[in-house]
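# Architecture and fold: a report
Residues per chain, in single letters:
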Amino acid sequence: MKRIIVFALLTFSAAALAQQEDVIDEDTRPKTYRQVTELDEDDFKALEMDGELVRPGIIRTQERSPTTFHPMITLRTDFNAEMASSIDDIR
């Protein structure tokens, strides 16, 4: 019986010692940033750039042609048949 009690105490005490403490990782820690970033002239003194400006040789633009709409109704140029029938109706 003593062996069972000693075994149980050792087992539970080892499990109690194996618990992990709450450690704040750098990944889980909230990050804070400054509200305003100020840049001085000294920040740009070490910056040296070499290069040249490249542009296209020719700039082509095309004028847009006006849109034409084709009429769906054909206009009549003479009403001779209607005039003749109306004269016949009057007689």
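Residues numbered from 1 in each chain as written. Predicted model: local features only at pLDDT ≥ 70, side-chain atom pairs only at ≥ 80, totals over all residues. Heavy atoms only, no water.

Okay, the overall build of the protein next. Along its length, the protein carries 3 helices and 0 strands. Reading the protein from its N terminus to its C terminus gives the helix and strand order α-α-α. Split into buried and exposed, the 91 residues of the protein put 0% on the buried side. Approximately 11100 Å² of the protein is accessible, and the part contributed by carbon and sulfur atoms is 57%. (Helix = DSSP H or I, 4+ residues; strand = E, 2+ residues; numbered from the N terminus. Buried < 20%, exposed > 50% of the residue type's maximum accessible area, 1.4 Å probe, protein only. Areas by Shrake-Rupley, 256 points an atom, 1.4 Å probe, with all protein chains shown as cover.)

To continue, consider a nonpolar patch on the surface. On the surface, a nonpolar cluster with roughly 490 Å² of combined accessible area is contributed by Leu39, Phe44, Leu47 and Met49. For phenylalanine 44, the position within the fold is in helix H2 (residues 42-45). Using a relative accessible area of 48% as the deciding quantity, one classes phenylalanine 44 as partly exposed. (Patch = residues over 30% accessible without salt bridge, like charges linked within 9 Å, V, L, I, M, F, W, Y side chains within 5 Å. Salt bridge = Lys/Arg side-chain N within 4 Å of Asp/Glu carboxyl O.)

On the surface, Glu38, Asp40, Glu41 and Asp43 cluster together into a patch of negative charge. By the element assignment, aspartate 40 lies in the loop between helix H1 (2-17) and H2. The class of aspartate 40 is partly exposed, set by a relative accessible area of 49%. (Lys, Arg positive; Asp, Glu negative; His and termini not counted. Charge placed at Lys NZ, Arg CZ, Asp CG, Glu CD.)

Turning next to the confidence of the model for the protein. Across the protein, pLDDT averages 76, with 82% of residues at or above 70. Least confident of the elements in the protein is H1, whose mean pLDDT is 70; most confident is helix H3 (residues 80-90), at 84. (pLDDT = per-residue confidence, 0-100.)

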